[in-house]
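# Report on the structure
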Amino acid sequence: MKAFEYVGATSVDQAVKALTPGSAPLAGGTDLINRMKDYVTSPERVVYLNDVKELAGISGDAASGVTILAGTRLAEILASEVVKSAYPALWQTTSEVATPQIRNMASLGGNLFQHPRCWYYRSGFGLVPKTTDGKHMLREGDNRYAAIFMTDGDALYVHPSSLAVPLIALGAKATLVGPEGERTVEVEELYKVPTSNSESPFATKPGEILKSVTIPASKGKNASYEARHKQAHDWPLVMASVNLTFSGETVSDARVVVYGVAPVPWRSKAAEEAIKDKVITVESARSAGEAAAAGAKPLSMNGFKVSMLKTVITRALCTSAGNKYWEA
Amino acid sequence: MRDNVTDPNAASRRDFLRGSSVAAATAVLTQTAQVGMDEAAAEALATQQISAQSGTISVTLQVNGKALKTEIEPRSTLLDVLRHRLDVTGPKRVCDRGSCGACTVILDGQAVYSCTTLAISSQGKTIRTLESFDTGEGGVPHAFHQNDGLMCGYCTPGFVTACQALLEKNPNPTLEEVKKGLDGNICRCGTYVGVIQAALDAAKAIKV
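In this text the structure is predicted, and so the values were computed from the model without any measurement. (Residues numbered from 1 in each chain as written. Chains lettered and ligands numbered in written order. Predicted model: local features only at pLDDT ≥ 70, side-chain atom pairs only at ≥ 80, totals over all residues.)

With that settled, consider the packing of helix H12 (residues 282-293) of chain A against helix H13 (residues 304-320) of chain A. Residue and element names in this part refer to chain A. Direction vectors running N to C along H12 and H13 enclose 145 degrees, while the axes themselves pass 8 Å from each other. The two elements H12 and H13 cross, and the hand of that crossing is right-handed. Between H12, through Val 282, Ala 285, Arg 286, Ala 288, Gly 289, Glu 290, Ala 292 and Ala 293, and H13, the contact on the second element is made entirely by Val 306, Leu 309, Lys 310, Thr 311, Ile 313, Thr 314, Leu 317 and Cys 318. When grouped by side-chain class, the residues that make up the contact of H12 with H13 number 10 nonpolar, 3 polar and 3 charged. (Axes fitted to C-alpha atoms, helices over the stretch in contact; angles between N-to-C directions. Helix = DSSP H or I, 4+ residues; strand = E, 2+ residues; numbered from the N terminus. Left-handed = near helix turned anticlockwise from the far one by under 90°. Contact = placed C-beta atoms within 7 Å. Nonpolar A, V, L, I, M, F, W, Y, C, P; charged D, E, K, R; others polar.)

This is the structure we're talking about:
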């Protein structure tokens, strides 16, 4: 990796001031340090955030909502009783992230702002990787793990943060802090789709860092289900998080968000519409999964993700209703 | 090897390798210094009282209960400093990308990958490697020995460290908890059966 100058920040104020152009914030290091070793990212300055005490911790309860500060390690999220009981969609997903060592190191902010894992990007060809004669490396090359939605565009990688998916399903808001002060946005508004290699996949302003994520009060049921290659140390292939509120037995409002199918966490409005005003049964959940798959345009090698998409949505909905029919 | 750990300046075969790399490193550092920081940035820094560190930095790391002094760069990983500067060679450099677990150390009580941890960020924290573990009959290394929990042995230091960290947090793990707790380590020989049994046996031995 290239040499850089190092600032060990001890306060948010200090971190924001130190994050001058050409700087990179460093938390657990499980993404940034590997990118620096591979010369994918070579900041002039690294500002270390994981020792900022005012950035770590979880507060609140299920009735009023929970705030998780950006520097909170994933292992601490797993140790939170309120997250486990009120937000199982987030707890389950966190428990599946990477490995015990990485969950001890990695922070919530680092997970939400990790860079895509596309192998062309990680080999230095950018988020919109093209050959010198203009061919798109992912469209023409090995795209088995790439997107199946938004594939008419040029960003064909999949969004890497599995925690963004349950957080968006739960309607969480992110508070950013930067040179111009604080602002709060929906978690889904943190991301955008780049159209060229010079554009960022993040909708943050220069010098801004994540301060906290606030999840609103838990009113209904939520759950996640993921399909993956390996039990450990891998990202999901496709994962769904659902958050449902009920009127009696029927779903009055639904949020269905999917990982692994688009360059942003994919909100499936079609699945949300399909399950609304229904009682959750295996049949109604399957219909929602089918509805979600309409409009998917897989690439040459990832058609398998369409069936996975249907399955994870079906199973996430059934999990929220306590029916794990596939385990019977 | 133990003696070298207590005295990082003691001669070893690593000193020979280190001597040749220092010359190369110095050349790089001089270049970096010449590029320097532009005046505006320097002024901004001064007014905001932010101290940025670059070049060669003297640090003291708390390794296995001893304060070890050495010189590093901001980009030096904890793993490379332990192995190449301090002769603490228990943690192994295998993937160097936080994927295999061979470099696992216990930092402030938590198992972490030392290959993706900066040494400069590890100042003031308690670093424990398997050199400090109990090698007697009640310890984790003995349980690995008794269960043949290794074949080529290169992943073993990482597994022993991850196992130690697991048992410190959860002294009475179930089989599932052992599997989940050792998820972050890979054995390419595939001797997981022995490793998992070693972890379960070590849990019993430690309790006695």
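Having seen the model, we can carry on.
Contacts between chain B and chain A engage 29 residues on the former and 27 residues on the latter. At the level of secondary structure, the elements contributing two or more residues to the side of chain B that touches chain A comprise helix H2 (13-35), helix H3 (39-48) and strand S4 (110-113) of chain B. Among the elements that line the side of chain B that touches chain A, the one with the most residues is S4 of chain B, at 4 residues. Taken together, the residues that form the side of chain B that touches chain A break down as 11 nonpolar, 13 polar and 5 charged.

To continue, consider unusual backbone geometry. Residues and elements named next belong to chain B. Backbone geometry at Asp 108 places phi at a positive 50 degrees, although glycine is not the residue there. Examined against the element boundaries, Asp 108 turns out to sit in the loop between strand S3 (104-107) and S4. Notably, Asp 148 is not glycine yet its phi reads approximately 55 degrees, a positive angle. Structurally, Asp 148 can be placed in the loop between helix H5 (140-146) and helix H6 (156-169). The exposure class assigned to Asp 148 is partly exposed, which follows from the 13 C-beta atoms found within 10 Å. (Buried ≥ 20, exposed ≤ 12 C-beta atoms within 10 Å, placed from the backbone.)

It is worth spelling out the domain arrangement of chain A at this point. According to the domain assignment, chain A consists of domain 1 (1-54) and domain 2 (221-322). Computed from C-alpha coordinates alone, the two centres of domain 1 of chain A and domain 2 of chain A are separated by 36 Å. (Domains from an automatic or database assignment.)

Here the focus is helix H5 (residues 88-96) of chain A. All names here are of chain A. Within H5, 7 of the 9 residues are buried, leaving the element largely enclosed by the surrounding structure. The inward-facing, buried residues of H5 contact helix H3 (74-78), helix H4 (81-86), helix H10 (164-169), strand S9 (221-227) and strand S10 (238-247). Positive phi appears at Ala 98, one or two residues downstream of H5, with a value of about 50 degrees.

Residue and element names in this part refer to chain A. Spatial strand order, S1-S3-S2: 3 strands in an open sheet with parallel pairing. Where the open sheet ends on each side, the last strands, each with one partner, are strand S1 (5-8) and strand S2 (23-26). The mean inter-strand angle of the sheet, taken between neighbouring strand axes irrespective of direction, is 25 degrees. (Pairing = 2+ DSSP bridges.)

This part is about the packing of H6 of chain B against helix H8 (residues 192-207) of chain B. All names here are of chain B. Across the interface, H6 lies against H8 with an axial gap of 10 Å and an inter-helix angle of 40 degrees. Here H6 is positioned oblique relative to H8, judged by the angle of their axes. As H6 runs across H8, the sense of the crossing is right-handed. Contacts between H6 and H8 involve Phe 159, Cys 163, Leu 166 and Leu 167 on the former and, on the latter, Val 195, Ala 199, Ala 202, Ala 203 and Ile 206. Broken down by class, the residue content of the contact of H6 with H8 amounts to 9 nonpolar, no polar and no charged. (Parallel < 35°, antiparallel > 145°, perpendicular 65-115°, else oblique.)

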